[in-house]
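Each chain is listed here by its residues.
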Amino acid sequence: MKTITRKQLAYYAGVCPRTLRNWMDAHEEELRRIGKPEGNGALPPIVCEWIIKNYGITVDEKGKK
C-alpha cells in the first residue's frame, strides 16, 4: 500500500469525497492516533489500510484513477 489521496480513496469506495470525510470524522481520534494529518492532502499508508480494512474497500492499484 502506498499513499492515496482522499479523492482516490473515495473513488475506490464508490462514494463522494464528502461521504468519505463523514466516515473519517466518525473515527477522527483513532485516525489521528495512527498518523492522519490535519487538513487536505494524501493519506499515509497506515491510515489508508485502516480505512480500507474497516470499510471493506477494494483497491485496484492497476486500474488506478
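Residues numbered from 1 in each chain as written. Predicted model: local features only at pLDDT ≥ 70, side-chain atom pairs only at ≥ 80, totals over all residues. Heavy atoms only, no water.

Caption draft 1: The arrangement of the packing of helix α1 (residues 6–13) against helix α2 (residues 17–25) in detail. Look at α1 against α2: their axes get within 8 Å of each other, and the N-to-C directions meet at 95°. For the element pair α1 / α2, the angle class is roughly perpendicular. Of α2, the residues touching α1 (which contributes R6, K7, L9, A10 and A13) are P17, L20, W23 and M24. Across the contact of α1 with α2, the residue classes break down as 7 nonpolar, no polar and 2 charged. (Axes fitted to C-alpha atoms, helices over the stretch in contact; angles between N-to-C directions. Helix = DSSP H or I, 4+ residues; strand = E, 2+ residues; numbered from the N terminus. Parallel < 35°, antiparallel > 145°, perpendicular 65-115°, else oblique. Contact = heavy atoms within 4.5 Å. Nonpolar A, V, L, I, M, F, W, Y, C, P; charged D, E, K, R; others polar.)

Caption draft 2: Seen up close, the side chain of Q8. Inspection of the secondary structure assignment puts Q8 in helix α1. Taking relative accessible area as the criterion, Q8 reaches 18% and is therefore assigned buried. One polar contact links the side chain of Q8 to the main-chain amide nitrogen of T5, over a distance of 3.0 Å. (Buried < 20%, exposed > 50% of the residue type's maximum accessible area, 1.4 Å probe, protein only. Polar contact = N/O pair within 3.5 Å; in protein donor to acceptor, adjacent residues only side chain to side chain.)

Caption draft 3: Highlighting the side chain of K36. Residue placement: K36 occurs in the loop between α3 (28–34) and β2 (42–43). A distance of 3.1 Å separates the side chain of K36 from the side chain of E28, its partner in a polar contact. If near-sequence neighbours (up to four positions away) are discounted, K36 is found in contact with R6, M24, E28, L31, L43 and V47.

Caption draft 4: Broad picture of the pattern of salt bridges. Enumeration according to the criterion identifies 4 salt bridges in this entry. We note a salt bridge from K36 to E28, for which the minimum N-O separation is 3.1 Å. A relative accessible area of 10% places K36 in the buried class. You can call E28 partly exposed: its relative accessible area is 21%. Between E29 and R33 there is a salt bridge, and its shortest N-O distance comes to 3.9 Å. With E29 and R33 both in helix α3, this residue pair falls 4 residues apart, about one helical turn. By relative accessible area, which is 60% here, R33 ends up exposed. Overlapping salt bridges bring together E28, R32, K36 and E38 as one network. (Salt bridge = Lys/Arg side-chain N within 4 Å of Asp/Glu carboxyl O.)

Shape descriptors only; they carry no functional weight alone.
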